[in-house]
Amino acid sequence: MQKLLLPMIGILTTVLACGCNSAKSPAAVATDVAAARQQASTEVTDARKDAAKNVDSAAANADGSSKDLNDVGARTAYDVAVAQADGDHNVAIQQCLALTGEPQKSCKDRADAGYDQAKTHANVNRLSKLQ
């Protein structure tokens, strides 16, 4: 049994490694992209509803302080922007799965860079509104 264990582990590792950058069929990619878009839309809608609720609550409790209301507005705008960035990133990653090998890796790297840039932009906007 032990004689077979090491070759079996090697074969399993090879199979798993080869499957990591394999392309999905166009139909599977289209289905996954559509699902990712729907999920992103739902998350952004939920974030906007939460933001409106938080701003309304802050407005009711602000006691005339526009700074508190401004802070809540900045945080909620950030939350919505991050939800949008998350959704865009997930859609982009799903689209990358139509590719194989290095083009897939490059596509994912671009998606990750765009995601990081969107989050940084959201944070810069949040900080500028807090001052």
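> Honestly, the state of the cysteines in this entry has me stumped. Any pointers?
Put plainly, two cysteines are in a disulfide when a covalent bond ties their sulfur atoms together. Tallied over the full model, the rule gives one disulfide. The disulfide partner of Cys96 is Cys107, and the gap between their sulfur atoms is 2.0 Å. The S-S bond linking Cys96 to Cys107 shows a torsion near -80°; that makes this disulfide left-handed. Here Cys96 is found in helix H3 (residues 66-96), whereas its partner Cys107 is found in helix H4 (residues 101-130), with eleven residues between them in sequence.

> Can you help me understand the pattern of salt bridges in this one?
Oppositely charged side chains are able to pair whenever their charged atoms sit close together. For the coordinates displayed, the defined rule picks out two salt bridges. Asp32 is paired through a salt bridge with Lys24; the nearest N and O atoms lie 2.3 Å apart. A relative accessible area of 23% places Asp32 in the partly exposed class. The shortest N-O distance in the salt bridge between Lys105 and Asp109 comes to 3.1 Å. Placement of both Lys105 and Asp109 in helix H4 is noted, with a separation of four residues, approximately one turn of the helix. Among the residues examined, Lys105 registers a relative accessible area of 42% and is labelled partly exposed. A residue is classified by how much of its surface remains accessible, and Asp109, at 38% relative accessible area, is partly exposed.

> In this structure, what is going on with the packing of helix H2 (residues 26-61) against H3? I would like to understand it.
Helices that pack against each other are described as a pair by the angle of their axes relative to one another and the distance between those axes. For the pair H2 and H3, the least separation of the axes is 8 Å and the interaxial angle reads 175°. With respect to H3, the element H2 is oriented roughly antiparallel. Of the residues that constitute the contact of H2 with H3, the class distribution is 15 nonpolar, eight polar and five charged.

> Even after reading the chapter, I still don't get H4, so can you show me in this structure?
Since the α-helix advances by 3.6 residues per turn, residues separated by three or four positions end up pointing in the same direction. Taking 1.5 Å as the rise per residue, H4 with 30 residues should run 44 Å; its terminal C-alpha atoms sit 44 Å apart, in good agreement. When we look at burial in H4, the residues that qualify are Gln104, Cys107, Ala111, Tyr115 and Ala122. Of the surrounding secondary structure, the elements contacted by the buried residues of H4 are H3.

> Looking at this model, I keep getting lost on the confidence of the model for the protein chain. Mind explaining?
Any residue range with low pLDDT should be treated as having predicted coordinates unsuitable for detailed reading. Looking at the protein chain, the pLDDT average stands at 85 and 82% of residues meet or exceed 70. Summarising per-element confidence for the protein chain, the mean pLDDT is lowest in helix H1 (residues 2-19) (46) and highest in H4 (96). Counting interchain partners and residues more than four positions distant, the pLDDT-below-50 stretch residues 4-8 has zero contacts. The low-confidence segment residues 10-19 (pLDDT under 50) makes zero contacts with residues lying over four places distant or belonging to another chain.

Conventions we followed
- Residues numbered from 1 in each chain as written.
- Predicted model: local features only at pLDDT ≥ 70, side-chain atom pairs only at ≥ 80, totals over all residues.
- Heavy atoms only, no water.
- Disulfide = S-S within 2.5 Å.
- Helix = DSSP H or I, 4+ residues; strand = E, 2+ residues; numbered from the N terminus.
- Salt bridge = Lys/Arg side-chain N within 4 Å of Asp/Glu carboxyl O.
- Buried < 20%, exposed > 50% of the residue type's maximum accessible area, 1.4 Å probe, protein only.
- Axes fitted to C-alpha atoms, helices over the stretch in contact; angles between N-to-C directions.
- Parallel < 35°, antiparallel > 145°, perpendicular 65-115°, else oblique.
- Nonpolar A, V, L, I, M, F, W, Y, C, P; charged D, E, K, R; others polar.
- Expected span 1.5 Å × (residues − 1).
- Contact = heavy atoms within 4.5 Å.
- pLDDT = per-residue confidence, 0-100.

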